[in-house]
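# Examining the three-dimensional arrangement
The primary structure of each chain is shown beneath.
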Amino acid sequence: METIVKRLNWIYYIQMVISLIALTAMYFAFSKGLYEPLDTMSSLGQTVQYIIIIDALITIPLGLYLIKWLKPQTPEKYFKLAGARILLVSNTMPLGIVAFYWMGGYKSMLWVAAIAAIGWYFSKPTLGKAEEEMKPEDPNEEKY
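This text gives an overview of the structure that appears in the document. Keep in mind it's a predicted model, so treat the numbers as computed, not measured.

A few words on the environment of Glu133. Checked against the element boundaries, Glu133 lands in helix H6 (residues 127–134). Distance in space between the C-alpha atoms of Glu133 and Pro37 is 44 Å, their sequence separation being 96 residues. When sequence neighbours within four positions are dropped, the list of residues in contact with Glu133 reads Ile67, Tyr78 and Arg85. Side chain to side chain, Glu133 and Tyr78 meet in a polar contact 2.7 Å long.

Encoded structure:
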């Protein structure tokens, strides 16, 4: 199980590197004036906002509850589901960062990226979490 957690940590930190690359590239392009900022009230600006917000509303809760719903029985299936959880929860981080700079510093998109970052933090793979999620459910145990 330790090797699975190590492999999941690679996925986890690669998502952070992707977000940092998006942040660095967009900040550089924004500060050098390499593109014209998008108007937030234009139809394209509103469409981009809707896409990112709907993406966050669907993928973050889905990613956080994926393993609880599907209950993996084997370590291989756990690896796939936990990897999907990390990718689902954190995909909005770079999208929100890119939209923030693309719209000329529109703070709402930064908040969406921050919400995804909080979800990303809670999807961090640990050995204890993996063992707890792989533990079979006891039908006699009370649920609160």
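Still to come is the rest of the account.
All right, on to a nonpolar patch on the surface then. A surface patch of nonpolar side chains, about 950 Å² in accessible area, is lined by Tyr50, Ile53, Ile54, Leu57, Ile58, Leu62, Tyr65, Trp69 and Leu70. Its location among the elements puts Ile54 in helix H2 (residues 43–70). Look at Ile54 and you get partly exposed, because its relative accessible area is 47%.

This brings us to the side chain of Thr92. Summarising the element assignment, Thr92 is placed in helix H4 (residues 92–102). With sequence-adjacent residues up to four places away left out, Thr92 is seen in contact with Ile52, Asp55, Ala56, Thr59, Val112, Ala113 and Ala116.

Inspection of every chain in the model, using the stated rule, returns eight aromatic pairs. Over the ring of Phe79 we find Arg7, and its NZ or CZ is 3.9 Å from the ring centre.

Bringing the nonpolar core into the picture now. In summary, soluble globular proteins display a tendency toward joint burial of nonpolar side chains. Counting 31 residues, the largest nonpolar core has Leu8, Val48, Ile52, Tyr78 and Met109 as the members making the most contacts within it. Counting residues per element, the ones that place at least two in this core are helix H1 (2–32), H2, helix H3 (75–90), H4, helix H5 (107–122) and H6. Not counting residues within four places of it along the chain, the set of residues in contact with Ile52 comprises Thr92, Leu95, Gly96, Ala99, Met109 and Val112.

A separate point is the packing of H1 against H4. Where H1 meets H4, the axes come as close as 9 Å, and the angle between the chain directions of the two elements is 5°. With respect to H4, the axis of H1 lies roughly parallel. The segment H1 lies against H4, with Gln15, Ile18, Ser19, Ala22, Leu23, Met26, Tyr27 and Phe30 engaging Met93, Pro94, Ile97, Val98, Tyr101 and Trp102. Looking at the contact of H1 with H4 residue by residue, the classes come out as 12 nonpolar, two polar and no charged.

So, how was this worked out
Residues numbered from 1 in each chain as written. Predicted model: local features only at pLDDT ≥ 70, side-chain atom pairs only at ≥ 80, totals over all residues. Heavy atoms only, no water. Helix = DSSP H or I, 4+ residues; strand = E, 2+ residues; numbered from the N terminus. Contact = heavy atoms within 4.5 Å. Polar contact = N/O pair within 3.5 Å; in protein donor to acceptor, adjacent residues only side chain to side chain. Patch = residues over 30% accessible without salt bridge, like charges linked within 9 Å, V, L, I, M, F, W, Y side chains within 5 Å. Areas by Shrake-Rupley, 256 points an atom, 1.4 Å probe, with all protein chains shown as cover. Salt bridge = Lys/Arg side-chain N within 4 Å of Asp/Glu carboxyl O. Buried < 20%, exposed > 50% of the residue type's maximum accessible area, 1.4 Å probe, protein only. Phe/Tyr/Trp six-rings, centres within 6.5 Å; stacked < 30°, edge-to-face > 60°. Lys NZ or Arg CZ within 6 Å of the ring centre and 35° of its normal. Core = buried A, V, L, I, M, F, W, Y, C linked by side-chain atoms within 4.5 Å. Axes fitted to C-alpha atoms, helices over the stretch in contact; angles between N-to-C directions. Parallel < 35°, antiparallel > 145°, perpendicular 65-115°, else oblique. Nonpolar A, V, L, I, M, F, W, Y, C, P; charged D, E, K, R; others polar.

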